[in-house]
Every structure is written in structure tokens, then in C-alpha cells.
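# Analysis of the macromolecular model
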Amino acid sequence: VLGGIQINTPPGYSDYFLPKSFDLYNNKGEKIADLMLGGENMEFPKAAEAFPGALTNTELLAKIQSTLKEKGYDADKTLVATSLCCDEVNRPLETDLADAFDTNFNMGGLAGFP
């Protein structure tokens, strides 16, 4: 379960995601690992000032994929479910996740709450 804040930037810059939690649960619903991550490569300086530790969408996707692979998840058998605010500015992250995991179960909603 990955939770955080989507940060949208002006055209021509990558959007960012500020992770606030990244936890792995077993099939009994028990938290078995805290996978918190942090970004280092900020191409939009204002995002780095306002949101230290934010990741670009590309960095976030790479971290999700490598973490799931390390934990034995198969990308071909993993369903990604997102609950992003329905604003069109969040579509790039949703599209990136759907491209990486074949599809996206969009729970959508206001302010990211389904």
C-alpha cells in the first residue's frame, strides 16, 4: 500500500509524488514490511524546496517495480489499484502505472478517497 501526495508541475517538467507511507501486507492483512522510499533527483527545484523527498513519477514507478519484484510479485499477475483525485492532472501517473502493469483498477474519488 503506497500513500502520498501527487505534485503537479508546469508543462515541460516531470510530475512528482511525495511518498508518505509504503507498506507491504500479507494475505491476512498484517503489515510485514515498511518499504518507505526517498527521492534524490529533483529536476524541478521548486518541488525540491516545497516537498523534500518527493520522487518523479518515473522514479516512483521504478521503485514500485523493483520492490514488488524483490518481494516475489509477478508484474503479469499483479493488479494495480489506484485512488487518485479525479483531476486530469493526475492522469500521467495513472497512465504510467497502467502501462507498467497492463491495466489499472481506478477507484477514483474526491481528494483520492474512493
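Scroll up for the structure.
First things first, this report covers the structure right here in the doc.

How each quantity is defined
- Residues numbered from 1 in each chain as written.
- Predicted model: local features only at pLDDT ≥ 70, side-chain atom pairs only at ≥ 80, totals over all residues.
- Heavy atoms only, no water.
- Core = buried A, V, L, I, M, F, W, Y, C linked by side-chain atoms within 4.5 Å.
- Buried < 20%, exposed > 50% of the residue type's maximum accessible area, 1.4 Å probe, protein only.
- Helix = DSSP H or I, 4+ residues; strand = E, 2+ residues; numbered from the N terminus.
- Contact = heavy atoms within 4.5 Å.
- 1 Å grid on protein atoms, 1.4 Å probe; cavity = no way out; pocket = protein on both sides within 12 Å on 5 of 7 lines; lining within 4 Å.
- Points joined across faces, edges and corners; volume = space filled by probe spheres on them.
- Nonpolar A, V, L, I, M, F, W, Y, C, P; charged D, E, K, R; others polar.
- Arc of directions from axis to C-beta.
- Expected span 1.5 Å × (residues − 1).
- Pairing = 2+ DSSP bridges.

Core analysis: the largest hydrophobic core is formed by 15 residues, its most contacted members being Leu35, Leu60, Ile64, Leu93, Leu97 and Phe101. Contributing elements (two or more residues each) for this core: β2 (16-25), α2 (57-70) and α3 (91-100). With four residues, the top contributor of residues to this core is α2. Aside from chain neighbours lying at most four places away, what touches Ile64 is Leu2, Phe22, Leu97 and Phe101.

Attention now moves to the layout of surface pockets. Size it by volume and the largest pocket reaches roughly 810 Å³. Lining the largest pocket we find 32 residues, and of these Val1, Leu2, Gly3, Ala81 and Thr82 sit closest to its centre. Of all the secondary-structure elements, those providing two or more residues to the lining of the largest pocket are β1 (2-7), β2, α2, β5 (80-82) and α3. A breakdown of the residues in the lining of the largest pocket according to their chemical character gives 22 nonpolar, nine polar and one charged.

Burial in α3 covers these residues: Leu93, Glu94, Leu97 and Ala98. For α3, the angular spread of the buried residues around the axis is 135°, confining them to a single face. Positive phi appears at Asp102, one or two residues downstream of α3, with a value of about 75°.

This part covers α2. Between its first and last C-alpha, α2 extends 20 Å over 14 residues, near the 20 Å set by a 1.5 Å rise per residue. Each element contacted by the buried residues of α2 is listed here: β1, β2, β4 (55-56) and α3.

Relative to strand β3 (residues 31-34), β2 runs antiparallel, the two sharing three bridges. For Asp23, the partnering residue across the bridge sits in β3 and is Asp34. Between β2 and β3, which pair antiparallel in sequence order, lie five residues; one of them, Gly29, sits at a positive phi of approximately 80°.

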